[in-house]
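Architecture at a glance
This is what each chain is made of:
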Amino acid sequence: MRRRTLLITAATVAVAGIITGLVVWLSHPSYDDVVKGCATALKEQYAQDGQGKPDACHDVKADDYSALVLQAAMGDLGWLDDDGKFDKNKMIDDVTEDQ
């Protein structure tokens, strides 16, 4: 009887540990969510003429962060099309308007 109780207790603790680990793992945002949050924070920062790295971007890899900064800067300059892709004609129009 004592051995059976020990096995049931161990199985219950193991299942509870697995469930807890799964809940903790699922509650963390995915890397894609972190990158999207960083892109949004950078866009808002450019709109407010802010500087520095937003808190939402601290978990973004360096190469991805550089690309996001460039994307936000081009968006702020109006060089992106409706799909968020670089439009060289918009850049040329913007540059030639000043001359």
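For the structure itself, consult the block above.
Scoring rules and cut-offs
Residues numbered from 1 in each chain as written. Predicted model: local features only at pLDDT ≥ 70, side-chain atom pairs only at ≥ 80, totals over all residues. Heavy atoms only, no water. Helix = DSSP H or I, 4+ residues; strand = E, 2+ residues; numbered from the N terminus. Rg over C-alpha atoms; globule rule 2.2 N^0.38 Å. Buried < 20%, exposed > 50% of the residue type's maximum accessible area, 1.4 Å probe, protein only. Contact = heavy atoms within 4.5 Å. Areas by Shrake-Rupley, 256 points an atom, 1.4 Å probe, with all protein chains shown as cover. Lys, Arg positive; Asp, Glu negative; His and termini not counted. Charge placed at Lys NZ, Arg CZ, Asp CG, Glu CD.

On to the overall build of the protein chain, then. A tally of helices and strands in the protein chain yields four helices and zero strands. Its helices and strands in sequence order give the protein chain the pattern α-α-α-α, from N to C terminus. Taking 13 Å as the expected radius of gyration for a compact globule of 99 residues, we find that the protein chain reaches 24 Å, considerably beyond that expectation. Across its three principal directions, the C-alpha atoms of the protein chain cover 90 × 25 × 20 Å. Looking at the protein chain as a whole, 16% of its 99 residues qualify as buried. Across the protein chain, contacts joining residues at least 24 apart in sequence account for 32% of those joining residues at least 6 apart. Counting only carbon and sulfur atoms, one obtains 58% of the accessible surface of the protein chain, whose full area is about 8,100 Å². Counting 10 positive and 17 negative side-chain charges, the protein chain places the centres of these two groups 22 Å from one another.

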